Amino acid sequence: QVQLVESGGGLVQAGGSLRLSCAASGRTSSSYAKSWFRQAPGKEREFVAGISWSGATTYYIDSVKGRFTISRDNAKNTVHLQMNSLKSEDTAVYYCAAAAVQFPPRRGNEYAYWGQGTQVTVSS
């Protein structure tokens, strides 16, 4: 079992920044690919960014490329999502997820572990 706890969400003005964190505990979480998903009201959950278990490979959806950066610290069992130049369309609940594979899948149903989510609200 892997437990994931997100933090760092909040209310920010458009153009601002937030840094989300995901703390993992339980089984060796460094052997898991980690990703961030988000779900806006009335919309389906979507993949935002993912990172391989080594941290060497990252993936992003086009709408956040150049604005968001995913990183991980396996010694501290944490994953971060640095979000800059935030837009109103980034408003959503953000979830951290872990999959026991090397590279992060894009489909949510391939992840066995999820955090409870953290709300990000960007005001325009």
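Scroll up a little and you will see the structure.
Sequence order as written defines the numbering, with residues in each chain counted from 1. Local features are withheld for residues below a pLDDT of 70 in this predicted model, meaning they are given only at 70 or higher, and side-chain atom pairs are given and counted only at 80 or more; totals for whole chains, interfaces and linings count all residues. To obtain the side-chain values, all non-hydrogen atoms of the structure were used and water was disregarded.

Caption draft 1: Up close: the side chain of aspartate 90. Examined against the element boundaries, aspartate 90 turns out to sit in the loop between β8 (78–83) and β9 (92–99). We call two residues contacting when some pair of their heavy atoms lies within 4.5 Å. Excluding residues that lie within four positions of it along the chain, aspartate 90 makes contacts with Arg38, Arg67, Phe68, Val120 and Val122. A run of H or I in DSSP counts as a helix once it spans at least four residues, and a run of E counts as a strand once it spans at least two, with each numbered from the N terminus.

Caption draft 2: Examining the pattern of salt bridges more closely. Salt bridges are identified by distance alone: a Lys or Arg side-chain nitrogen within 4 Å of an Asp or Glu carboxyl oxygen. Throughout the structure, instances matching the rule amount to five salt bridges. One salt bridge connects aspartate 62 with lysine 65, and the closest N-O pair in it is separated by 3.1 Å. The buried label applies to any residue whose accessible area, calculated with a 1.4 Å probe on protein chains only, is under 20% of its type's maximum; exposed applies above 50%, and partly exposed to all values in between. Classification of aspartate 62 as exposed rests on a relative accessible area of 64%. Among the residues examined, lysine 65 registers a relative accessible area of 49% and is labelled partly exposed. Of the charged contacts in the structure, one is a salt bridge between glutamate 110 and arginine 107, with a shortest N-O distance of 3.0 Å. When its relative accessible area of 39% is taken as the criterion, glutamate 110 is described as partly exposed. Taking relative accessible area as the criterion, arginine 107 reaches 54% and is therefore assigned exposed. The network of salt bridges with shared partners includes Arg38, Glu46, Arg67 and Asp90.

Caption draft 3: Broad picture of the sheet that holds strand β3 (residues 18–26). Across the sheet, four strands lie side by side as β1-β3-β8-β7; this open sheet has antiparallel pairing. The sheet is open, and its two borders are formed by β1 (2–7) and β7 (68–73), each paired with just one other strand. Across the sheet, the mean angle separating the axes of adjacent strands is 15° when strand polarity is ignored. Should DSSP find at least two bridges between two strands, the strands are taken to pair. Relative to β3, β1 runs antiparallel, the two being bridged by six bridges. Looking at the pairing, serine 7 lines up with serine 21 of β3. Note on definitions: angles span 0 to 180 degrees between N-to-C directions of axes, and those axes are lines fitted to C-alpha atoms, for helices only across the stretch in contact.

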